[in-house]
Structure formats: C-alpha cells, structure tokens
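Notes for the structure review
If you want the building blocks of each chain, they are given just below.
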Amino acid sequence: MPVRQPILWAILASILVLSPACSSLGGGGDNAESEGRSGLRIPSFGGGGSDEVAGIGVNSYLWRASLDTISFMPLQEVDPFGGVIITDWYANPEMTTERFKVTVYILDTRLRADALSVRVFRQEQQENGGWIDAAVSPETAVEIENAILTRARQLRISNLETE
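Report on the accompanying structure. (Residues numbered from 1 in each chain as written. Predicted model: local features only at pLDDT ≥ 70, side-chain atom pairs only at ≥ 80, totals over all residues. Heavy atoms only, no water.)

When helices and strands are tallied, the protein shows four helices and seven strands. Secondary structure elements of the protein, listed N to C terminal, follow the sequence α-α-β-β-α-β-β-β-β-β-α. Within the protein, residue pairs in contact and separated by at least 24 positions form 44% of the contacts whose partners lie at least 6 positions apart. A total of about 9,700 Å² of accessible surface is found on the protein, and carbon and sulfur atoms cover 55% of it. (Helix = DSSP H or I, 4+ residues; strand = E, 2+ residues; numbered from the N terminus. Contact = heavy atoms within 4.5 Å. Areas by Shrake-Rupley, 256 points an atom, 1.4 Å probe, with all protein chains shown as cover.)

Here it is in structure tokens:
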C-alpha cells in the first residue's frame, strides 16, 4: 500500500532533521575510525538500560544526497533502515510522452562510490495511451550516481567545516 504524501514528507523531514545529530552518536575518534561508523544511528530500545546505539547501515551523507538529487521526482517508497529510495513515475512537463522511475540503493555505511547503486527505468507512451518499457542509456544511472556522490561529498565537507 503506498504511503500518503503528507506522512511521507513528515518522515523525510524527521530523518533530515535528526540525521546530522545521529551521525555524531557513534562516539569520537579520528576521521578514519568514525568513517566506518558514519551511518545513520538510532538508540537501542532493548532492555538493560544501556545507552547502546544501534546502526542501521545507511551512510547519512549518501542518504541525504540521494534525497536532494532526486527531490524533483515523487517518492513512492522510502526505507532508511534498508537504504532504499524508490520514486514514482515522473514525466518531464516538456516531454510528456516519456516517463522515468529511479531506484537508489545505499549499500554501505561508508561514503564510497561502491556504496551506491542507481537503477533507472524509462517508459514511452503509445498512441493508444498505454505505456511500454523503453531502453535507458547506462550513462544515465552513472550520471545520477555521480551527482549523488558529489552532493554527499559537499555535505560531508560542510559538516567537517562546522565541527
């Protein structure tokens, strides 16, 4: 069942507000040590009364950069725990006979190029109004990945400058 737009935006806003604070919950240490623990983290709600923090396996910079990069497209599903963002179909208002859908996978807690995978799907409108799958240039996914990685680096640099 699709998530309603207002609920989705409230969840996304909460994630974006909390993620800068969450990235510092992993503890101090040098950049090399903290780089491995830079994923979005949530407190453990298990018994025992400890202040243990459980990571959810998503690099917060890649997560925010992915949302920033594809923000013009409507979101269909967002899973910050699994690191998956799926957009709904998007048609450019100037080219209404084709539409695109993007799936972003964040695969690691580290800010690395191989921690990101993007899949792009394209459909063309037939004369009868139906949609048919069409080929997508492999460079399209690579360009989106590069845009996300560039934005993630910008976010990380700006975070380092404020510390």
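In this section: the pairing of strand β5 (residues 98–106). For β5, the buried fraction is high: seven of the nine residues fall into the buried class. Where strand β4 (residues 84–87) meets β5, three bridges bridge the pair, whose relative direction is antiparallel. The residue bridging Ile86 from the neighbouring strand is Thr103, located in β5. (Buried < 20%, exposed > 50% of the residue type's maximum accessible area, 1.4 Å probe, protein only. Pairing = 2+ DSSP bridges.)

Looking now at the pattern of salt bridges. Scanning all chains against the criterion turns up five salt bridges. Two residues, Glu98 and Arg122, come together in a salt bridge whose shortest N-O distance is 2.8 Å. Of the two residues, Glu98 sits in strand β5 while Arg122 sits in strand β6 (residues 116–125), which places them 24 residues apart along the sequence. Assessed through its relative accessible area of 18%, Arg122 is described here as buried. Measuring nitrogen to oxygen at the nearest pair gives 2.4 Å for the salt bridge that ties Glu124 to Arg122. Classification of Glu124 by relative accessible area gives partly exposed; the value is 33%. One network of salt bridges, with partners in common, ties together Glu98, Arg122 and Glu124. (Salt bridge = Lys/Arg side-chain N within 4 Å of Asp/Glu carboxyl O.)

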